[in-house]
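The lines below spell out each chain.
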Amino acid sequence: MPKLSLEKKRQMIQEIQEFFLKERGEEIGEFAAEICFEFIKERLGPIFYNEGIRDAREVAEQRMQMLEEDLYALEKRLVD
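Residues numbered from 1 in each chain as written. Predicted model: local features only at pLDDT ≥ 70, side-chain atom pairs only at ≥ 80, totals over all residues. Heavy atoms only, no water.

- The protein carries the name DUF2164 domain-containing protein in an unreviewed UniProt entry, which gives Siminovitchia terrae as its organism.

Structural data, given as structure tokens:
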């Protein structure tokens with residue numbers, strides 16, 4: 001997984017705290033939010049990351065197919 005800047009990590013931890021307050025009416029401290037963040041990053045992050053890779057692979061395969069079709073269309077016919 002890519003490294004996050006300290007600023008981005010702090011922002012995400014703050015968003016977790018805001019989520020708990022808004023959705024559950026629960027104030028959680030920075031430490032609890034960081035534990036939640038680490039869980040999401042370590043356990044769930046790879047699932048989302050791998051799905052993104054699969055999506056990118058699918059797009060790349062589609063584009064390669066289109067490129068291959070375009071290249072065949074450029075070929076010159078041989079005269080007998």
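From this point, the discussion proceeds with the structure in view.
**Concerning the overall build of the protein**
No. 1: When you go through the protein residue by residue, the secondary structure sums to two helices and zero strands.
No. 2: Taken over the C-alpha trace, the protein has a radius of gyration of 23 Å; the compact-globule value for 80 residues is 12 Å, which it surpasses by more than 25%.
No. 3: Across its three principal directions, the C-alpha atoms of the protein cover 80 × 25 × 20 Å.
No. 4: Taking all 80 residues of the protein together, the buried fraction comes to 9%. (Helix = DSSP H or I, 4+ residues; strand = E, 2+ residues; numbered from the N terminus. Rg over C-alpha atoms; globule rule 2.2 N^0.38 Å. Buried < 20%, exposed > 50% of the residue type's maximum accessible area, 1.4 Å probe, protein only.)

**Let's talk about helix H2 (residues 30-74)**
Residues lying three or four places apart along an α-helix face the same way, a consequence of the helix completing one turn every 3.6 residues.
No. 1: Within H2, the axis deviates most sharply at Leu-44, by approximately 50 degrees, and proline Pro-46 lies no more than four positions further along.
No. 2: Here H2 has its buried residues at Ala-33, Phe-37 and Gly-45.
No. 3: Where H2 is buried, its residues meet helix H1 (6-24). (Bend = angle between axes of the 7 residues up to and from the residue. Contact = heavy atoms within 4.5 Å.)

**Some details on the UniProt feature "coiled-coil region" (unreviewed entry) in the protein**
No. 1: Under the UniProt annotation, the feature "coiled-coil region" (unreviewed entry) is placed at residues 50-77.
No. 2: The annotated region residues 50-77 carries 89% helix and 0% strand content, and the separation between its end C-alpha atoms amounts to 43 Å. (UniProt positions renumbered as here; feature names shortened; annotations may be inferred.)

**A short note on the environment of Cys-36**
No. 1: Along the chain, Cys-36 turns up in helix H2.
No. 2: Once you skip the residues sitting within four places of it in the chain, Cys-36 turns out to touch Ile-16 and Phe-20.

**Focus on the pattern of salt bridges**
No. 1: One pass over the structure, following the stated rule, counts six salt bridges.
No. 2: Notably, a salt bridge pairs Lys-41 with Glu-42, separated by 3.6 Å at the nearest N-O pair.
No. 3: Here Glu-51 makes a salt bridge to Arg-54, at a shortest N to O gap of 3.1 Å. Separated by three residues within a single helix, Glu-51 and Arg-54 lie in helix H2, roughly one turn from each other.
No. 4: The partly exposed category is assigned to Glu-51, whose relative accessible area is 39%.
No. 5: When salt bridges with common partners are traced through the structure, they connect Lys-9, Glu-34, Glu-38, Lys-41 and Glu-42 into a single cluster. (Salt bridge = Lys/Arg side-chain N within 4 Å of Asp/Glu carboxyl O.)

**Looking at the packing of aromatic side chains**
No. 1: In total, this model carries one aromatic pair according to the counting rule given.
No. 2: A ring pair is formed by Phe-19 and Phe-20, whose centres lie 5.9 Å apart and whose planes are at 85 degrees; its orientation type is edge-to-face.
No. 3: Overall, Phe-19 belongs to the partly exposed group, its relative accessible area being 47%. (Phe/Tyr/Trp six-rings, centres within 6.5 Å; stacked < 30°, edge-to-face > 60°.)

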